[in-house]
Amino acid sequence: MKMNFKYVIALTMGVAMTSGMMTSCDDDDDDKNNGGADANSMISRIDAADTLEYDSKNKANWNAYMKVVANYLKTDAATLYNDWTDSYEKGDAYATTFMNAGKSGYTETFSSALNATEQIVAGCSDIANEVGEAKIGDPLNLWQSGKYAEALYAVESWYSWHSRVDYSNNIESVKNAYYGSLNGKVADNSISAQIAKVDEKLDTKVKNAIQNAIDKILAIPQPFRNHIASAEALAAQNACADLKDILDRDLTPALSKLSENTCESINKNYVENVVVPTYKSLKEANEDLYKSVVSFTEAPSNAGFETLCEKWIASRTYWEKSEAFLFGPVADMGLDPNMDSWPLDQNAIKGILVNGDFKDLNWSGDFDEDSDEIAAAQSIRGFHTLEYLIYKAGKARTVK
């Protein structure tokens, strides 16, 4: 998830202007009088401000927009899978580069097999930190500072109410990377199995921290947007911070106890049994999602919207379970923000639904994370744009 607070601010200003209820200053004063304890009034205002519906007037552009976004998701997932399995930047597949880390001809990206194994743990640490400090922490900090509307809009997966599951799946991706498998069992050639041989207590400590973070996230009352400042949300944030600290402070130094041959085995297992299967499933799920969008546009129905929501969740699950390895092609090619930028530029999306002009969704050239032009394109495509088009207030949209 790439967070862009420029769009958070734009959205909150839009709520104040379009709701016709009060100014942004009135919003703050009203909720401060409530002590910031009740999100329901602010949520109701934001929901009320989103009056756009799927109907006969905008059906053509709405259908076209869904197909364009779903096609980009399909293409980006295929690109990511091919980068790992076929060829990356006209060279070897990234999987080959990773598994051969430290060998002759493969030291430019990773200096040693240990260095690549350290990257596995760094990816786990990064997503644990993102879940705690950004996905949970940003809304929580904004709420505690009295910026209630901004806090609500900073909650990822706002439209589907899928936030807690997203976040827990992120930590599941840490578990998969550490266990070296996708089935919840510890693989022989995994970081967990090999660390257990040199420090069994540390292995148990890491496992417990992973599970604690998952449990604490799922303990947040549903939906998260209604419980941003809850004690459970703070506990989940702290559990993610604890996990990150253990990964950085305890696990990373312990990797030096492993031989190069052991790290090579870990890296090979990680690629073949975690990364590549996850990306393969993502690619296939996004292909299925695209086909379902096309089918919906040919015969729109309420049941069709419900099917799209189911397909979206299936694809979304594989994506969120890949976020412990947001390095390599997914980062360098801008594929992460292509598929997962948040928040959206909702005003631009509404404009596209009116004018049917989709050219601004595309960008070309080398990815630059500081480019406003690229960021603008990414804020009107991806999983969350499709989420907006098929969900409303946690439920499937309906045909009007």
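All values reported here derive from a predicted model rather than from experimental measurement. (Residues numbered from 1 in each chain as written. Predicted model: local features only at pLDDT ≥ 70, side-chain atom pairs only at ≥ 80, totals over all residues. Heavy atoms only, no water.)

**Points about the overall build of the protein**
Now for step 1: Counting its secondary structure elements, the protein contains 18 helices and 4 strands.
Now for step 2: Here the protein has a C-alpha radius of gyration of 22 Å; the compact-globule value for 400 residues is 21 Å, and the two agree.
Now for step 3: For the protein, the spread of C-alpha atoms along the three principal axes comes to 65 × 45 × 40 Å.
Now for step 4: Counting all 400 residues of the protein, 52% fall into the buried class. (Helix = DSSP H or I, 4+ residues; strand = E, 2+ residues; numbered from the N terminus. Rg over C-alpha atoms; globule rule 2.2 N^0.38 Å. Buried < 20%, exposed > 50% of the residue type's maximum accessible area, 1.4 Å probe, protein only.)

**Let's talk about the packing of aromatic side chains**
Now for step 1: One pass over the structure, following the stated rule, counts 23 aromatic pairs.
Now for step 2: Ring geometry for Y88 against Y94: centres 5.7 Å apart, planes inclined by 85°, an arrangement best described as edge-to-face.
Now for step 3: By relative accessible area, which is 10% here, Y88 ends up buried.
Now for step 4: Ring pairs connect the aromatic residues W84, Y88, Y94, F98, F110, Y270, Y279, F325 and F327, which therefore count as one cluster.
Now for step 5: Note that K207 overlies the ring of Y179, its terminal NZ or CZ placed 5.8 Å from the centroid. (Phe/Tyr/Trp six-rings, centres within 6.5 Å; stacked < 30°, edge-to-face > 60°. Lys NZ or Arg CZ within 6 Å of the ring centre and 35° of its normal.)

**Section: the side chain of T117**
Now for step 1: Positionally, T117 belongs in helix 6 (residues 113-144).
Now for step 2: A relative accessible area of 0% places T117 in the buried class.
Now for step 3: Ignoring anything within four residues of it in the chain, the contact list for T117 reads I191, L255, C263, I266 and N267. (Contact = heavy atoms within 4.5 Å.)

**Describing the nonpolar core**
Now for step 1: Grouped together as the largest cluster of nonpolar side chains are 111 residues, with contacts concentrated most on Y65, L251 and Y270.
Now for step 2: In contact with Y270, other than residues within four places in its own chain, are F98, I120, A177, V275, A324, F325 and F327. (Core = buried A, V, L, I, M, F, W, Y, C linked by side-chain atoms within 4.5 Å.)

**Points about the confidence of the model for the protein**
Now for step 1: On average, residues of the protein score 91 in pLDDT, and 90% of them reach the 70 mark or higher.
Now for step 2: Counting interchain partners and residues more than four positions distant, the pLDDT-below-50 stretch residues 15-37 has 30 contacts. (pLDDT = per-residue confidence, 0-100.)

**Side note on the pattern of salt bridges**
Now for step 1: Applying the stated criterion across every chain yields a total of 19 salt bridges.
Now for step 2: Of the charged contacts in the structure, one is a salt bridge between R397 and E53, with a shortest N-O distance of 3.9 Å. Of the two residues, R397 is situated in the segment after strand 4 (395-396) and E53 in the loop between helix 3 (40-49) and helix 4 (59-85); the sequence distance between them amounts to 344 residues.
Now for step 3: Here D248 makes a salt bridge to K244, at a shortest N to O gap of 2.7 Å. Of this pair, D248 and K244 both sit in helix 11 (residues 231-254), 4 residues apart, roughly one helical turn.
Now for step 4: A single salt-bridge network, built from bridges that share partners, covers K135, E156, D166, R316, E320, E323 and D340. (Salt bridge = Lys/Arg side-chain N within 4 Å of Asp/Glu carboxyl O.)

**Here we look at helix 16 (residues 346-355)**
Now for step 1: Within the sequence span of helix 16, burial applies to Q346, I349, I352 and L353. One side of helix 16 holds all its buried residues, which, seen down the axis, span an arc of 115°. Exposed residues pointing more than 90 degrees away from the buried face of helix 16 are listed as V354 and N355. (Arc of directions from axis to C-beta.)

**Notes on a negative patch on the surface**
Now for step 1: Residues D368, E369, D370 and D372 make up a contiguous surface patch of negative charge.
Now for step 2: Here E369 shows up in the loop between helix 16 and helix 17 (372-378).
Now for step 3: The class of E369 is exposed, set by a relative accessible area of 56%. (Patch = residues over 30% accessible without salt bridge, like charges linked within 9 Å, V, L, I, M, F, W, Y side chains within 5 Å. Areas by Shrake-Rupley, 256 points an atom, 1.4 Å probe, with all protein chains shown as cover. Lys, Arg positive; Asp, Glu negative; His and termini not counted. Charge placed at Lys NZ, Arg CZ, Asp CG, Glu CD.)

**Here's the deal with the packing of helix 8 (residues 163-179) against helix 13 (residues 302-320)**
Now for step 1: Direction vectors running N to C along helix 8 and helix 13 enclose 40°, while the axes themselves pass 8 Å from each other. With respect to each other, helix 8 and helix 13 are oriented oblique. For the pair formed by helix 8 and helix 13, the contact residues are D166, N169, N170 and S173 on the first element and R316, T317 and E320 on the second.
Now for step 2: The residue inventory of the contact of helix 8 with helix 13, partitioned by class, reads no nonpolar, 4 polar and 3 charged. (Axes fitted to C-alpha atoms, helices over the stretch in contact; angles between N-to-C directions. Parallel < 35°, antiparallel > 145°, perpendicular 65-115°, else oblique. Nonpolar A, V, L, I, M, F, W, Y, C, P; charged D, E, K, R; others polar.)

**Regarding the environment of A285**
Now for step 1: Relative to the helices and strands, A285 is located in helix 12 (residues 260-298).
Now for step 2: Classification of A285 by relative accessible area gives buried; the value is 12%.
Now for step 3: Setting aside anything within four residues of it in sequence, one finds A285 in contact with S315 and Y318.

**Describing the environment of M66**
Now for step 1: With respect to the helices and strands, M66 occurs in helix 4.
Now for step 2: Taking C-alpha positions, M66 is 11 Å from K291, a pair spaced 225 residues apart along the chain.

**Description of the side chain of D83**
Now for step 1: If you trace the backbone, D83 turns up in helix 4.
Now for step 2: Buried charge D83 goes without a salt bridge, the closest partner of opposite sign being K90 at 12 Å.
Now for step 3: Leaving out residues up to four positions away in the same chain, D83 has contacts with Y88, A93, Y94, P329, M333 and L335.

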